[in-house]
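Next come the chains, spelled out residue by residue.
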Amino acid sequence: GDALFIYLILRETRTSQRWSLVGAGLFAFNPAVWFSMSVWGQTHVISLFFLLASIWLAQRQRPTWAWLGLAAAALTRPQMLVPASLMGLVLLRRFSLRENVRATAWSVILTFLFLGPFLMAISPSLPIDIWLNQLRFQEGGGNEPAQTVISLGALSVWPLVTHLVEGASGLTRFSYPAVSPLVGDFTYQRISQLVTLGAALVVAGALLLRRRPAAAMGDHLPLLALGTTAFLMLKTGLASSHMLIGLPLLILCRKSMNSVTYFSLVAIWT
């Protein structure tokens, strides 16, 4: 399903059929995708399904269903909040105020109706409870210091920092406590939060201030990919499986780079 949406999105951006098939193949036959799904049994491809569906539905001028897909993507896992938020800014730019108000209202209603039986059976505040718990433990220091590490296997920038600053080597570069001070009283975790927030704000500003309209969304896809990959590279505490979230967005940037750069970027990220 993800590969199909990648093909359809590339076709909507006036990418040739051949390169659209190549893009779909780069995801469908990607070893990282297979490993995440089949070996680890992770569900990131399901989260990506809703995000890619939202992008395609926006291209097809379906604001209500685009917002609904975006809500579904954000509810699947906390790490999807960043790309979902950036995609929300794209939808605000793409559709008129009246269309966005109507679409968001219907998406809230339909999401509530879908979640209603689960909320009544478990807790009315279930989605908020999950997000707050994740935020408290991963970002608020509510976890044990030894368990709050800079990386759960993700090849972000922080294993390089611990190697250069702390002299850590091997797996210690990943398992270094994120609550350790890096600059003065600022810990790895706090600096990561500030840098990630700054990158997200820069990309959000670029999305909102672009003068060209989001006619085919081709101009906005590189910014969406940039914001998502920056979050994955700059945030502490992410697992390597989370890196899969950025892969389809990079694949969708075919028209923004030449073939050598395109294949190199996808291969490096893989």
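Details of the structure are given in the entry above.
Just so you know, these numbers come straight off a predicted model, no measurement behind them. (Residues numbered from 1 in each chain as written. Predicted model: local features only at pLDDT ≥ 70, side-chain atom pairs only at ≥ 80, totals over all residues. Heavy atoms only, no water.)

(A) Structural detail: the nonpolar core. One finds Phe27, Ile55, Met87, Leu91, Leu247 and Leu252 to be the most contacted residues of the largest nonpolar core, which totals 52 residues. Of all the elements in the fold, those that place two or more residues in this core are α1 (2-12), α4 (44-59), α5 (63-76), α6 (81-94), α11 (188-209), α12 (221-234), α13 (247-251) and α14 (259-269). Ranked by residues supplied to this core, first place goes to α4 with 8 residues. Of all hydrophobic cores here, the second largest spans 6 residues; its members include Ile150, Trp158, Ala178 and Tyr188. (Core = buried A, V, L, I, M, F, W, Y, C linked by side-chain atoms within 4.5 Å. Buried < 20%, exposed > 50% of the residue type's maximum accessible area, 1.4 Å probe, protein only. Helix = DSSP H or I, 4+ residues; strand = E, 2+ residues; numbered from the N terminus.)

(B) Just the environment of Leu119, in detail. By the element assignment, Leu119 lies in helix α7 (residues 97-121). Sequence-distant contacts of Leu119, defined by excluding residues within four places in its chain, comprise Pro124, Leu126 and Pro127. (Contact = heavy atoms within 4.5 Å.)

(C) View of the packing of α1 against α4. Running from amino to carboxyl end, α1 crosses α4 at an angle of 25°, the nearest separation of the two axes being 9 Å. In terms of orientation, α1 lies roughly parallel with respect to α4. Crossing angle aside, the handedness with which α1 passes α4 is left-handed. Taken together, the residues of α4 that come into contact with α1 (itself represented by Asp2, Phe5, Ile6, Leu8, Ile9 and Glu12) are Val45, Leu48, Phe49, Leu52, Ala53, Ile55, Trp56 and Gln59. Grouping the amino acids of the contact of α1 with α4 by side-chain chemistry returns 11 nonpolar, 1 polar and 2 charged. (Axes fitted to C-alpha atoms, helices over the stretch in contact; angles between N-to-C directions. Parallel < 35°, antiparallel > 145°, perpendicular 65-115°, else oblique. Left-handed = near helix turned anticlockwise from the far one by under 90°. Nonpolar A, V, L, I, M, F, W, Y, C, P; charged D, E, K, R; others polar.)

(D) Looking closely at the environment of Leu8. Tracing the backbone through its elements, the reader meets Leu8 in helix α1. On the accessibility criterion, Leu8 (24% relative accessible area) is partly exposed. Each C-alpha atom, one on Leu8 and one on Leu52, is 9.7 Å from the other, the two residues being 44 residues apart in sequence.

(E) Spotlight on the side chain of Ser20. Inspection of the secondary structure puts Ser20 in helix α2 (residues 17-28). A relative accessible area of 0% places Ser20 in the buried class. One polar contact links the side chain of Ser20 to the main-chain carbonyl oxygen of Ser16, over a distance of 2.8 Å. Those residues in contact with Ser20, other than ones at most four positions away along the chain, are Tyr7, Leu10, Arg11 and Thr15. (Polar contact = N/O pair within 3.5 Å; in protein donor to acceptor, adjacent residues only side chain to side chain.)

(F) Broad picture of the packing of α4 against α5. Where α4 meets α5, the axes come as close as 8 Å, and the angle between the chain directions of the two elements is 160°. Classified by the angle between their axes, α4 and α5 sit roughly antiparallel to one another. The element α4 and its partner α5 pack so that their crossing is left-handed. Of the residues in α5, those in contact with Ser47, Phe50, Leu51, Ser54, Leu57 and Ala58 of α4 are Trp65, Ala66, Gly69, Leu70, Ala72, Ala73 and Thr76. Among the residues making up the contact of α4 with α5, the classes are represented as 9 nonpolar, 4 polar and no charged.

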